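Chain by chain, the residues run as shown.
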Amino acid sequence: MPCVSLVNPSILAQPAIPQDLQVGSQTVNVTYLPQNGYYDYSQTALLFNSSEITPIAGKSITGISLFYRGWTAGFQLLNQNIYLYDMVESNFSTMPLIDYSNYTATNATPCKTNFDIIVSNGWMRFDFTTNYNYTGNKNLLISLENFDGSWTSGFGGSNVTATNAIGNTLARWEDDNFYPTGSAAVRTTNRCNIIFHYQ
């Protein structure tokens, strides 16, 4: 008797479909975001409340896109890192430490490290080498670390959207031989427009 499969092919596991979620659409330009090209080193923290990004809950974040504006074509940002975290707090009520250890930031994941950016204006996509599995149970923190170590003219900024959460964006910067220690920093409601790529 021939073997008959009772498995319906339509219920077999299907490959995840890549999807996009854009958060923020205003066109205000801020020159110290997403990286501060005027200084040798910078760190930017972008905090997203779980209620803003419900479509990506339970999904794997495979990359992000950021909007660059006003940069000289070909401007180089060397030695960049992108880290993602889960975070309990919904805003930076006080200045966070470099490693966010004075906040409840967990599951630190180096999603893309030691890479260079050759800036072109408009949306720039950064595909992760390590995807981030976001449960949606906490808020999401993105940390952009700029270890370029030198300054040149031609830097620009990013399109941002003003939000209602005071302190959901942190930017700090430093010159010369030091990664930012927090002496030059700002907490702001202006957060970079972003596209999450997920599946």
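See the structure shown above.
**A few points about the side chain of K112**
Part 1: Secondary-structure assignment places K112 in strand β6 (residues 105-118).
Part 2: Buried K112, no salt bridge; nearest opposite-charge side chain is D127, N-O distance 7.0 Å.
Part 3: Side-chain polar atoms of K112 contact the backbone oxygen of D127, separated by 3.2 Å.
Part 4: Each residue touching K112, except ones within four places of it in the same chain, is listed here: Q80, N81, I82, F126, D127, F128 and T129.

**Considerations on the nonpolar core**
Part 1: Residues I142 and F196 are the most contacted members of the largest nonpolar core, which totals 36 residues.
Part 2: If one sorts the elements of this core by residue count, strand β7 (residues 122-134) sits on top with five residues.
Part 3: The residues contacting F196, other than those within four sequence positions of it, are Q19, D20, L21, V23, F48, I53, I56, I61, G63, I64, L140 and I142.
Part 4: Counting nine residues, the second largest nonpolar core, distinct from the first, contains A45, Y85, M87 and L170.

**Some thoughts on the sheet that holds strand β10 (residues 169-174)**
Part 1: Strand order in the open sheet made by the six strands is β6-β5-β8-β3-β10-β11, with antiparallel pairing throughout. The sheet is open, and its two borders are formed by β6 and β11 (185-188), each paired with just one other strand. Strand-to-strand twist across the sheet, computed as the mean angle between neighbouring axes with direction ignored, equals 15°.
Part 2: Bridge analysis of strand β5 (residues 76-87) against β6 gives eight bridges, and the strand direction is antiparallel. Within β6, the position partnered with Y83 by the bridge is P110.

Cut-offs used in this document
- Just so you know, the residues in each chain are numbered from 1, in the order the chain's sequence is written.
- Since the coordinates come from a predicted model, pLDDT governs what is reported: local features require at least 70, and pairs of side-chain atoms require 80 or more to be given and counted, while whole-chain, interface and lining totals use all residues.
- Remark: hydrogens and water are excluded; side-chain values derive from all non-hydrogen atoms of the structure.
- By the criteria applied, helices consist of DSSP H or I runs no shorter than four residues and strands consist of E runs no shorter than two, each listed in order from the N terminus.
- Only protein chains enter the calculation, and the probe is 1.4 Å; a residue is then buried if its accessible area is under 20% of its type maximum, exposed if over 50%, and partly exposed in between.
- Charged-residue counts in this description rest on Lys and Arg as positive and Asp and Glu as negative, His and the chain ends being excluded.
- Every case where a carboxyl oxygen of Asp or Glu lies within 4 Å of a side-chain nitrogen of Lys or Arg is listed as a salt bridge.
- In the analysis that follows, any N or O atom pair within 3.5 Å is treated as a polar contact, provided that within protein one partner can donate a hydrogen and the other can accept it, and provided that, for residues neighboring in sequence, both atoms belong to side chains.
- Here a residue-residue contact requires only that any non-hydrogen atoms of the pair lie within 4.5 Å.
- Only buried residues count toward a nonpolar core. Its members are Ala, Val, Leu, Ile, Met, Phe, Trp, Tyr and Cys residues joined through side-chain atoms within 4.5 Å.
- Note on pairing: DSSP must find at least two bridges between two strands before they are called paired.
- In this description, a line fitted to the C-alpha atoms serves as the axis of each element, helices being fitted only across the stretch in contact, and the angle between N-to-C directions of two axes falls anywhere from 0 to 180 degrees.

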